[in-house]
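# Per-entry structural report
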Amino acid sequence: MATIKDVAERAGVAPSTVSYVLSGSRKISDETATAVRAAIAELGYHPRASARTLRRARSEVLVLAVPRERGKYRAMDGRFAVEISDAARDHGYDLLMMTDPDGVGGLRRVARSGLADAAILMAVAEADPRIAALRDLGFPTALLGHGNERDEAELSWVDLDWAAAVALAVRETVAAGHRRIVFWSSADHEIAARRGYALHGLSGAEAAARETGAEVRVVPSSADPGELRARLRRALRVSPAATALIVQHLIPLDTLLDELAALGLGSPDQLAVVLVGSLPNEPGPGRLPRIDLPVGQMSAAVAGLAVAAIDAGPPRHELIPPRLAGGPPIPPPHP
């Protein structure tokens, strides 16, 4: 069965242009429209429904794709799901949540069945196969996070500027007097999966190290508590010792802090700890210097982008600048 991508390739246009021709939602040149309609006729393409039909018979549901492993809870996913649900309701939409780790098959079923009008993707990776699958179907999509801007030019997305956030944490830590810093990056499996936030965080650390001349030692985190503790011990035993720890992988924060206490480094006077991407108003991180993840702002933005995509609006990209949260300052190195 021909897909919208097949039509686009035959006509020599982007899949979004095929959608615009079908929906009539944007002015397309007569020449391009004729080429698209000829390709549709040649391939026998039968869309599930044109955008014009969808406007008359929408499900008024958005699907939120959150890949996760069974039994592994992430407070961040739950917080975003609630906030996005609230934001979707403001637009008159309900939220369907999909947690399949792969996501491609489930999203195809939702797109083809008409269960939802648009998709919001979380945990976006470089060359994310979910994006390719939905693009082939011409299904409206918005991204919470981004992988590679070159691959996502036709889609709307919003994200914290993770590279700038980690770079800001490094610069502020250096300004407090630290010259030897451990950057506790995203977990190794997130880096291997090419998650956007993981890769952008690494590039921010590298850029800030060059800019400041400080020694920034990158240590990937681990999902295994025993391995996590072992990596932390090894990183802090390197001589001369680091005086600050910048943490991006915050899921195991309690384990990290427990291990620091066991090593006699539980006090800010002994080792400065700075968080990147913490959830606002969480009691634990609130006692540490931090850069919060703007959950409410991102959720409201991505819900609006998804709704706009249903009407074939032009893609919009938003990188949110980071800022240090109000709270304790970064302490200077222990004398």
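Refer to the structure printed above.
If you're wondering where the values come from, they're calculated on a predicted model, not measured in any experiment.

The linkage connecting Ser239 with the following residue, Pro240, adopts the cis geometry, with an omega of -5 degrees. Tracing the sequence through the fold places Pro240 in the loop between helix 11 (225-237) and strand 8 (244-247). Its identity is not glycine, yet Ala127 carries a phi of approximately 50 degrees, on the positive side. Tracing the backbone shows Ala127 in the loop between strand 3 (118-121) and helix 7 (129-137). For Ala127, a relative accessible area of 62% gives the class exposed.

Attention now goes to helix 8 (residues 162-175). Think of an α-helix as turning once every 3.6 residues; residues three or four places apart then point the same way. Along its 14 residues, helix 8 runs 20 Å from first to last C-alpha, staying within 8% of the 20 Å computed at 1.5 Å per residue. Among all positions in helix 8, only Trp162, Ala165, Val166, Ala167, Leu168, Ala169, Val170, Thr173 and Val174 are buried. After helix 8 finishes, the residue Gly177 shows a positive phi value of roughly 110 degrees.

Moving on, we come to the sheet that holds strand 2 (residues 94-98). Spatially, 2-1-3-4-5-11 is the arrangement adopted by the 6 strands of the open sheet, whose pairing is parallel. The open sheet has two edge strands with one neighbour each: strand 2 and strand 11 (317-320). The average undirected angle you get between the axes of adjacent strands in this sheet is 15 degrees. Inspection of the sheet shows strand 1 (residues 61-65) paired to strand 2 by 5 bridges, in the parallel sense. Its bridge partner being in strand 2, Val63 is matched across the sheet by Leu96. Most of the contacts of helix 6 (residues 104-113) go to strand 2, to which it runs at about 150 degrees, and overall it touches strand 1, strand 2 and strand 3. The strands touched by helix 7 within the sheet are strand 1, strand 3 and strand 4 (141-144), with strand 3 carrying the most contacts at an inclination of about 170 degrees.

As summarised here, the arrangement of the 5 strands in space is 7-6-8-9-10, forming an open sheet in which the pairing is parallel. Taken across any chain shown, the strands that pair with only one partner, and hence form the sheet edges, are strand 7 (215-221) and strand 10 (290-292). Between one strand axis and the next, the sheet turns through 15 degrees on average, direction left out of account. Strand direction decides the pairing type here: strand 6 (residues 180-187) and strand 8, joined by 4 bridges, are parallel. Looking across to strand 8, one finds that Val182 is bridged to Leu245. Packing against the sheet, helix 8 makes contact with strand 6, strand 7, strand 8, strand 9 (272-278) and strand 10, and its axis sits at approximately 160 degrees to strand 9. Against the sheet, helix 11 makes contact with strand 6, strand 7 and strand 8, and its axis sits at roughly 170 degrees relative to strand 7, the strand it touches most.

Parameters at a glance
- Residues numbered from 1 in each chain as written.
- Predicted model: local features only at pLDDT ≥ 70, side-chain atom pairs only at ≥ 80, totals over all residues.
- Heavy atoms only, no water.
- Helix = DSSP H or I, 4+ residues; strand = E, 2+ residues; numbered from the N terminus.
- Buried < 20%, exposed > 50% of the residue type's maximum accessible area, 1.4 Å probe, protein only.
- Expected span 1.5 Å × (residues − 1).
- Pairing = 2+ DSSP bridges.
- Axes fitted to C-alpha atoms, helices over the stretch in contact; angles between N-to-C directions.
- Contact = heavy atoms within 4.5 Å.

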